[in-house]
Amino acid sequence: MIRRARPLLGTLVEIAALAKPSQDDAEVNQAIAAAFARIAAIGRSLSFHDGNSELSRLNATPGQWQPMSLDALRVLRLAKAMGKASDNQFNCTVGGELIRRRALPGHISHPVLPQGTWQDIALGHGSAKLLRPIAVTLDGIAKGYAVDVAVTELKKAGLAGGWVNAGGDLKVFGSASLAVQQRNAQGMSRALQISKMALASSRVSLTLDPDYPALLLPTGEASMPEPAACPHSAEQAPERVVSVAARFAWRADALTKVASYLTDADCTGRIAALGGKILGFNQDERTIL
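Residues numbered from 1 in each chain as written. Predicted model: local features only at pLDDT ≥ 70, side-chain atom pairs only at ≥ 80, totals over all residues. Heavy atoms only, no water.

Colleague: What should I look at first to understand the overall build of the protein in this one?
Modeller: Of regular secondary structure, the protein possesses seven helices and 13 strands. The buried share of the protein, reckoned over its 289 residues, is 49%. (Helix = DSSP H or I, 4+ residues; strand = E, 2+ residues; numbered from the N terminus. Buried < 20%, exposed > 50% of the residue type's maximum accessible area, 1.4 Å probe, protein only.)

Here it is as structure tokens:
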């Protein structure tokens, strides 16, 4: 097993690859390098923080078609599909509200709506257009997509197995198996054994935390509370860690956001209907996926 790590996507991305008997280390390292290159390209294309990225150019020009790369269009298409399927509980158009709360940089020069819906994004052949002045942020799905693409690169090289681990987004394939620890917001953990599966975890809160920046916002037509109305201490703020398993990392990543808005009673069935499996927390239980 060869393991490599690089700082990408705002986290440390690890790629592990297991060669077949006929493959040497040079072939494995070449496949790993190709997987890292795909991750880096997706990160540059879909970065909200980079004012020159494809996503930033789209956000800067509402009402105008903008050329987009194949990966960017795929992520936008997946985001729209998940927004539709989840009744906008997965909402990639909340960038305006996140800018207002200073959770995202405000480099868009024109006024933007706090949020929109999946219907505000139009996709064409090699291009995309925003139908209203919204700010799209793909942080809730792009990292998972990048993990899936990296795994595809490793599979194309004919490797026996391995994994890609990008912080809270993980996918294991082939003959590999990975032991991980699932943690809750109180710091307790339990063992998980992952194989041939993707897993995503998000720590969400009503307040900003520099270590865990996921911010839970009202969706749809709900009115947006003023930032000052939110509790200022972690002890006061509702906070939890949501973990979802799915076949693809992009889906697991997106469904952690959907699960964040659901009650315990609704969560299991709703996430299953959307193609995932919610992972509850039992400290004494060892789960094999």
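That covers the picture; the talk isn't over yet.
Colleague: Where do I start with the sheet that holds strand β3 (residues 66-67) in this structure?
Modeller: Within a sheet, neighbouring strands are paired by backbone hydrogen bonds and run either parallel or antiparallel to one another. Spatial strand order, β3-β5-β4: three strands in an open sheet with antiparallel pairing. Here the strands that pair on one side only, and so sit at the sheet edges, are β3 and β4 (121-124). Pairing of β3 with strand β5 (residues 127-130) involves two bridges; the strand directions are antiparallel. Its bridge partner lying in β5, P67 is registered against S127. Here helix α3 (residues 70-85) sits on the sheet and contacts β4 and β5; the angle it forms with β4, its principal contact strand, is near 135°. (Pairing = 2+ DSSP bridges. Contact = heavy atoms within 4.5 Å. Axes fitted to C-alpha atoms, helices over the stretch in contact; angles between N-to-C directions.)

Colleague: Could you clarify how one ought to interpret helix α5 (residues 142-156) in this entry?
Modeller: At 3.6 residues per turn, the α-helix brings residues three or four places apart onto the same side. Here α5 spans 21 Å end to end across 15 residues, near enough to the 21 Å set by a 1.5 Å rise per residue. Buried residues dominate α5, accounting for 11 of its 15 residues. Contacts from the buried residues of α5 go to β2 (11-18), α1 (25-45), α3, β6 (161-166), β7 (169-174) and α6 (249-260). Within two residues after α5, G158 carries a phi angle of roughly 80°, on the positive side. (Expected span 1.5 Å × (residues − 1).)

Colleague: Explanation requested: the side chain of D253 in the structure shown.
Modeller: Looking at the element boundaries, D253 is found in helix α6. Taking relative accessible area as the criterion, D253 reaches 2% and is therefore assigned buried. Not counting residues up to four positions away in its chain, the partners in contact with D253 are D139, G140, I141, A142, K143, G144, D169 and A200.

Colleague: Help me understand the packing of α5 against α6, please; the structure alone is not making it clear to me.
Modeller: The relative placement of two packed helices comes down to the angle between their axes together with the axis-to-axis distance. Running from amino to carboxyl end, α5 crosses α6 at an angle of 165°, the nearest separation of the two axes being 7 Å. It follows that α5 is roughly antiparallel to α6 by the angle criterion. Regarding α5 and α6, the two cross each other, and that crossing is right-handed. On the side of α5, the interface is formed by A142, K143, G144, Y145, V147 and D148, while α6 contributes A249, W250 and D253. In terms of residue class, the contact of α5 with α6 is made up of five nonpolar, one polar and three charged. (Parallel < 35°, antiparallel > 145°, perpendicular 65-115°, else oblique. Left-handed = near helix turned anticlockwise from the far one by under 90°. Nonpolar A, V, L, I, M, F, W, Y, C, P; charged D, E, K, R; others polar.)

Colleague: Help me understand the layout of surface pockets, please; the structure alone is not making it clear to me.
Modeller: Summary: where empty space remains is shown by rolling a probe the size of a single water molecule over the atoms. Volume-wise, the second largest pocket comes out at about 350 Å³. Around the second largest pocket, the lining comprises 21 residues; the ones closest to its centre are D148, V149, T152, K171 and F248. Elements supplying a minimum of two residues to the lining of the second largest pocket: α3, α5, β7 and β10 (197-205). The dominant element in the lining of the second largest pocket, judged by the number of residues it contributes, is α5, at seven residues. (1 Å grid on protein atoms, 1.4 Å probe; cavity = no way out; pocket = protein on both sides within 12 Å on 5 of 7 lines; lining within 4 Å. Points joined across faces, edges and corners; volume = space filled by probe spheres on them.)

Colleague: Honestly, α6 in this entry has me stumped. Any pointers?
Modeller: Here α6 spans 17 Å end to end across 12 residues, near enough to the 16 Å set by a 1.5 Å rise per residue. Judged by how many residues are buried, α6 sits mostly within the fold: 10 of 12 residues are covered. Residues A249, W250, A252, D253, A254, L255, T256, V258, A259 and S260 constitute the buried set of α6.

Colleague: What is the right way to read the pairing of β5 from this model?
Modeller: A regular strand carries its side chains on alternate faces of the sheet. Side chains S127 and K129 project from β5 onto one buried face, and the interleaved A128 and L130 project onto a second face that is buried too. In this sheet, β5 lies alongside β4 in antiparallel orientation, the contact comprising four bridges. Bridging across to β5, I121 finds its partner in L130. Where β4 folds back onto β5 in an antiparallel hairpin, the turn is made up of two residues, including G126, whose phi is positive at roughly 75°.

Colleague: In this structure, what is going on with the pattern of salt bridges? I would like to understand it.
Modeller: Pairing is possible between side chains of opposite charge, provided their charged atoms come close. Inspection of the entire model under this criterion finds 11 salt bridges. The partner of R101 in a salt bridge is E97, and the shortest N-O contact between them spans 2.6 Å. Each of the two residues, R101 as well as E97, counts as buried. Among the salt bridges present, the one from E153 reaches K156, with a minimum N-O distance of 3.4 Å. On the criterion of helical spacing, the pair formed by E153 and K156 is a turn pair, its members being three residues apart in helix α5. (Salt bridge = Lys/Arg side-chain N within 4 Å of Asp/Glu carboxyl O.)

Colleague: Where do I start with the nonpolar core in this structure?
Modeller: Looking at soluble globular proteins, one finds that nonpolar side chains tend to be buried together. By size, the foremost hydrophobic cluster in this structure holds 65 residues, and its most contacted members are V136, L138, L154 and V164. Discounting residues that sit within four places of it in the chain, L138 has contacts with L46, L55, V75, L76, A79 and C92. Listed in part, the 12 residues of the second largest apolar core include A16, L170, V172 and L192. (Core = buried A, V, L, I, M, F, W, Y, C linked by side-chain atoms within 4.5 Å.)

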